[in-house]
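Spelled out from the first residue to the last, the chains are:
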Protein chains: 2
Amino acid sequence: MSKEPSSGLESAMQMLIKTFHKYSGKEGDKYTLSRGELRELLTEELGNYLGSAQDKDAVEKVMNDLDSNNDGEVDFTEFIILMGALTVACNDFFLEYKKDDKEEKKE
Amino acid sequence: MSKEPSSGLESAMQMLIKTFHKYSGKEGDKYTLSRGELRELLTEELGNYLGSAQDKDAVEKVMNDLDSNNDGEVDFTEFIILMGALTVACNDFFLEYKKDDKEEKKE
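Residues numbered from 1 in each chain as written. Chains lettered and ligands numbered in written order. Predicted model: local features only at pLDDT ≥ 70, side-chain atom pairs only at ≥ 80, totals over all residues. Heavy atoms only, no water.

An unreviewed UniProt entry lists chain A under the name Protein S100, with Coilia grayii given as the organism.

It is not clear to me how the overall build of chain A should be interpreted in this structure. Could you clarify?
In terms of regular secondary structure, chain A is built from four helices and zero strands. Counting from the amino terminus, helix and strand elements in chain A follow one another as α-α-α-α. Looking at chain A as a whole, 36% of its 107 residues qualify as buried. Considering only contacts within chain A whose residues lie at least 6 apart along the sequence, 43% involve residues at least 24 apart. About 6,300 Å² of surface is accessible on chain A, with carbon and sulfur atoms providing 53% of the total. (Helix = DSSP H or I, 4+ residues; strand = E, 2+ residues; numbered from the N terminus. Buried < 20%, exposed > 50% of the residue type's maximum accessible area, 1.4 Å probe, protein only. Contact = heavy atoms within 4.5 Å. Areas by Shrake-Rupley, 256 points an atom, 1.4 Å probe, with all protein chains shown as cover.)

In this structure, what is going on with the interface of chain B and chain A? I would like to understand it.
Frequently, the measure chosen for interface size is the accessible area removed from exposure when the parts meet. Between chain B and chain A, the contact holds 38 residues from the first and 38 residues from the second. Both faces combined, the contact of chain B with chain A buries some 3,300 Å², and carbon together with sulfur accounts for 70% of it. Of all residues in chain B, Leu9(B), Met13(B) and Asn48(B) give up the largest surface area on contact with chain A, accounting jointly for 22% of the area buried on that side. Linking chain B with chain A are zero salt bridges, by the criterion used here. Run the count over chain B and chain A and you get four residue pairs in polar contact (both at pLDDT 80 or more). The set of elements that each furnish at least two residues to the side of chain B that touches chain A consists of α1 (8-24), α2 (35-45) and α4 (76-106) of chain B. (Buried area = accessible area lost by both parts, 1.4 Å probe. Salt bridge = Lys/Arg side-chain N within 4 Å of Asp/Glu carboxyl O. Polar contact = N/O pair within 3.5 Å; in protein donor to acceptor, adjacent residues only side chain to side chain.)

Sorry if this is basic, but what is going on with α2(B) here?
Structurally, the α-helix is built with 3.6 residues per turn, so residues lying three or four positions apart point the same way. Of all the positions in α2(B), only Glu37(B), Leu38(B), Leu41(B), Leu42(B) and Glu45(B) are classed as buried. The buried residues of α2(B) all sit within an arc of 130° when viewed along its axis, so they share a single face. (Arc of directions from axis to C-beta.)

I tried to follow the relation of the copies chain B and chain A on my own but got confused; where do I start?
One chain copy maps onto the other through a rotation about an axis and a shift parallel to that axis. Placing chain B over chain A gives an RMSD of 0.0 Å and needs a rotation angle of 180°, together with 0.0 Å of translation along the axis. Read as a symmetry element, the transformation amounts to a two-fold axis. Residues of chain B ranked by C-alpha distance from the rotation axis are headed by Ala12(B), positioned 2.1 Å from it. Here 100% of the interface residues in chain B have copies in chain A that are interface residues too; the copies meet face to matching face. (Least-squares fit on C-alpha atoms with pLDDT ≥ 70 in both.)

Looking at this structure, I do not really get the nonpolar core. What am I missing?
Most often, soluble globular proteins have nonpolar side chains that are buried together. With 46 residues, the main nonpolar core has Leu33(A), Phe79(A), Met83(A), Leu33(B), Phe79(B) and Met83(B) as its most contacted residues. Elements supplying a minimum of two residues to this core: α1 (8-24), α2 (35-45), α3 (56-66) and α4 (76-106) of chain A together with α1, α2, α3 (56-66) and α4 of chain B. Once residues within four sequence positions are removed from consideration, Met83(A) is found in contact with Leu16(A), Leu46(A), Leu9(B) and Met13(B). (Core = buried A, V, L, I, M, F, W, Y, C linked by side-chain atoms within 4.5 Å.)

I'm lost on the side chain of Glu45(A) in this one. Help?
Inspection of the secondary structure assignment puts Glu45(A) in helix α2. At 2.7 Å, the side chain of Glu45(A) and the side chain of Tyr23(A) are in polar contact. Contacts of Glu45(A), omitting those with residues within four sequence positions, involve Thr19(A), Lys22(A), Tyr23(A), Glu40(A), Ser7(B), Gly8(B), Leu9(B) and Glu10(B).

Where do I start with the environment of Thr87(B) in this structure?
By the secondary structure assignment, Thr87(B) is in helix α4. With residues near it in sequence (within four places) discarded, Thr87(B) still touches Met13(A), Leu16(A), Ile17(A), Phe76(A) and Ile80(A).

Looking at this model, I keep getting lost on the packing of α1(B) against α2(B). Mind explaining?
All names here are of chain B. For the pair α1 and α2, the least separation of the axes is 9 Å and the interaxial angle reads 130°. With respect to their mutual orientation, α1 and α2 come out oblique. Handedness of the α1/α2 crossing: right-handed. Of α2, the residues touching α1 (which contributes Thr 19, Phe 20, Lys 22, Tyr 23 and Ser 24) are Glu 37, Glu 40, Leu 41, Glu 44 and Glu 45. Here the contact of α1 with α2 is built from residues that sort into three nonpolar, two polar and five charged. (Axes fitted to C-alpha atoms, helices over the stretch in contact; angles between N-to-C directions. Parallel < 35°, antiparallel > 145°, perpendicular 65-115°, else oblique. Left-handed = near helix turned anticlockwise from the far one by under 90°. Nonpolar A, V, L, I, M, F, W, Y, C, P; charged D, E, K, R; others polar.)

Shown next as structure tokens:
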């Protein structure tokens, strides 16, 4: 098995793992995101999608929603649930946009 | 907002959406994966990780596990749940591997 990803999906999986560990390793538990690390990840990596992540309350809300076991840390599974929900939301937006586009062309 | 992804996470999300639609659009409902489309996606895009996906039984098993509403089609949310589970499994494997590596160095 080669170490290089051979497809887009495999690169996407590796990118999710790499990005999580880039931030989780900064302070405290190396395998979970603290509030500060989550804020940094959201701001630097998802600034385009989550403009309001600079807002401290927004980060608190995401953290509280994600941190299902209430230990003040987000583990990898909780992070993947967030990314999955965001991706589904993006896809819905994209389909809605395409539908509107088609309806406009029909008129 | 720019259309180009500005970070790895944004590219990963776009790659997941793009790959799903590449296969879902081939036959029948354009927004869901049929058994045939799922088999093609697993074989062509995740062959490295899921060697046994060429095996017809393996595809049937994944399809039955994913198709939570039993309509014989996998929608985008069901696909994202599969990708999330695979990514968590990959991350666990990676951490286990790193742990073993460290323990070996200690000896």
